[in-house]
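# Structural features, examined
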Amino acid sequence: MRRPVAFAMALALSMLTFAVPAFACGGLIGPNGAVNLLRTTTFVGYHDGVEHYVTAFQFAGGGGKFGSLTPLPGVPSNVEKGGSWTLQRLIRETQPIKGVIAAPFAARNTAQDSVEVLLETKIDALDITVLKGGGAAVGEWATAHGFRLPADAPEVLDFYAERSPIFLAAAFDADAATARNQRIGDGTPVHITIPTANPWVPLRILALGKQANDPVTADVYLLTDRKPAILPLARGANGLTLAYDQGASKTLLADLRSDAGMSWVPANGWLSQLRIDTNAATLSYDLAVDVQGHSPSRVAAGLETPGSADPTPLALTLLAAAMAALIVIAIREQKRRPLPA
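Quick caveat, the model's predicted, so the values are computed rather than measured. (Residues numbered from 1 in each chain as written. Predicted model: local features only at pLDDT ≥ 70, side-chain atom pairs only at ≥ 80, totals over all residues. Heavy atoms only, no water.)

A few words on the overall build of the protein. Along the protein, the regular secondary structure elements total seven helices and 19 strands. Relative to its 341 residues, the protein shows a buried fraction of 50%. If you sum the accessible surface of the protein, you get close to 15100 Å²; carbon and sulfur atoms cover 55% of it. (Helix = DSSP H or I, 4+ residues; strand = E, 2+ residues; numbered from the N terminus. Buried < 20%, exposed > 50% of the residue type's maximum accessible area, 1.4 Å probe, protein only. Areas by Shrake-Rupley, 256 points an atom, 1.4 Å probe, with all protein chains shown as cover.)

Following both chains from N to C, one finds helix α2 (residues 86-94) and helix α6 (residues 250-257) inclined at 170°, their axes separated by 10 Å at the closest point. If you check the angle between α2 and α6, you find them roughly antiparallel. Of the residues in α6, those in contact with T86, R89, L90, R92 and E93 of α2 are T251, L252, D255 and L256. When its residues are assigned to classes, the contact of α2 with α6 shows three nonpolar, two polar and four charged. (Axes fitted to C-alpha atoms, helices over the stretch in contact; angles between N-to-C directions. Parallel < 35°, antiparallel > 145°, perpendicular 65-115°, else oblique. Contact = heavy atoms within 4.5 Å. Nonpolar A, V, L, I, M, F, W, Y, C, P; charged D, E, K, R; others polar.)

What the rule picks out here adds up to nine salt bridges. Among the salt bridges present, the one from R163 reaches E162, with a minimum N-O distance of 4.0 Å. Residue classification places R163 among the buried positions, given a relative accessible area of 2%. A network of salt bridges, in which partner residues are shared, links R89, E93 and D255. (Salt bridge = Lys/Arg side-chain N within 4 Å of Asp/Glu carboxyl O.)

Per the counting criterion, the structure on display carries two aromatic pairs. For the pair F159 and Y160, a centre-to-centre distance of 4.9 Å together with 85° between the ring planes defines the contact as edge-to-face. We note that F159, like Y160, is buried. Pairing Y160 with W200 gives two aromatic rings, centres 6.0 Å apart and planes at 65°, and the pair type is edge-to-face. (Phe/Tyr/Trp six-rings, centres within 6.5 Å; stacked < 30°, edge-to-face > 60°.)

Buried within helix α3 (residues 135-144) are the following residues: G135, A137, V138, G139, W141 and A142. At the exit of α3 stands G146, carrying a positive phi of roughly 95°.

In this section: the nonpolar core. A general feature of soluble globular proteins is that nonpolar side chains tend to end up buried together. Of all hydrophobic cores here, the largest spans 34 residues; its most connected members are V79, I128, L168, I192, L203, L283 and L287. Sequence-distant contacts of I128, that is, excluding residues within four places in its chain, are made with V79, L119, E120, T121, I123, L168, A169, A170 and V190. Core analysis: the second largest hydrophobic core is formed by 21 residues, L69, L157, Y160 and L208 among them. (Core = buried A, V, L, I, M, F, W, Y, C linked by side-chain atoms within 4.5 Å.)

This brings us to the environment of L208. The topology assignment puts L208 in the loop between β14 (200-201) and β15 (215-224). For L208, a relative accessible area of 6% corresponds to the buried category. For the pair L208 and D152, spaced 56 residues apart in sequence, the C-alpha separation works out to 6.7 Å.

Time to look at the side chain of Q273. As for its position among the elements, Q273 is in strand β18 (residues 270-279). For Q273, a relative accessible area of 1% gives the class buried. In contact with Q273, not counting residues within four places along its chain, are T94, Q95, D219, V220, Y221, T241, L242, A243 and Y244.

Let us now look at the sheet that holds β14. The three strands lie next to each other as β14-β19-β16, forming an open sheet whose pairing is antiparallel. A strand with exactly one partner marks an edge of an open sheet, and here the two such strands are β14 and β16 (229-231). (Pairing = 2+ DSSP bridges.)

On to α6, then. It helps to recall that an α-helix has 3.6 residues per turn; residues three or four apart then point in one direction. Residues L252, L253, D255 and L256 constitute the buried set of α6. Viewed end-on, α6 has its buried residues packed into an arc of 160°, placing them on one side of the element. What points out from α6, more than 90 degrees from its buried face, is the exposed set K250 and T251. (Arc of directions from axis to C-beta.)

See below:
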């Protein structure tokens, strides 16, 4: 696939059943049979203060309607159909075939008892709605619009609403997809453009509705101007590993730039591929990024709650400056003291 940005996780990220009698084991159950969610692939690109979120919602088997609910770090300026090859091109780059080559997440008031609809659009067989509201209000909206929420939905929605009250709801009609000649396993790419201080990728919501031991697998491609810093650390013990981490090739960037809606791709960039291979109980975090390579927000990563101590790069810089000033003062005072006789 060929497209770097930030929406490859949005539609397949959090799966809520839509107008169905039950939610089963991480799969989606539709009126006409089971619908299984395939491995999630997301592309998040960040350039000139804007996050581009690109994802493709894929299904295997079944019919009827189902949907997803995805938290966003801010209000999107645009939601459109993604390009045709961005995601495939990224996969080919990192897994080549042989022989071929606003400060987000600050403490927010989420006691809203109503939902504001910010945007509505239709992309192929997807009906997309961008919402603003607290966790309970978004849950009530989803229920009223045919989503059957799993038991852990209130806790998960509150977790995200405390950080950002913006959500993207996508209702997918498999029957409509069939009418459009979309084959089993095909995906609909969606591109969300979000102005934000730093990119952020929701991961915890991938475990929504799953049992503790159910597997959760996903790939996140991150394109930034320079090598970023990320939280949590991708060391494997928590199910997060850094599978690819190097400067993006000129060929890749040119290919990505040639896809629909991808003219924003810079001339130079750093490509990171993060893999999530864990179970639902372990996936208790999100992916926070600092594009300057400093200290990503622990609140954005889900490691601390809003309002708790969350040292930002500016705060750390000021602290370092203050310590340096104290050291200089101490040295000057030492020099002023007379030497003992």
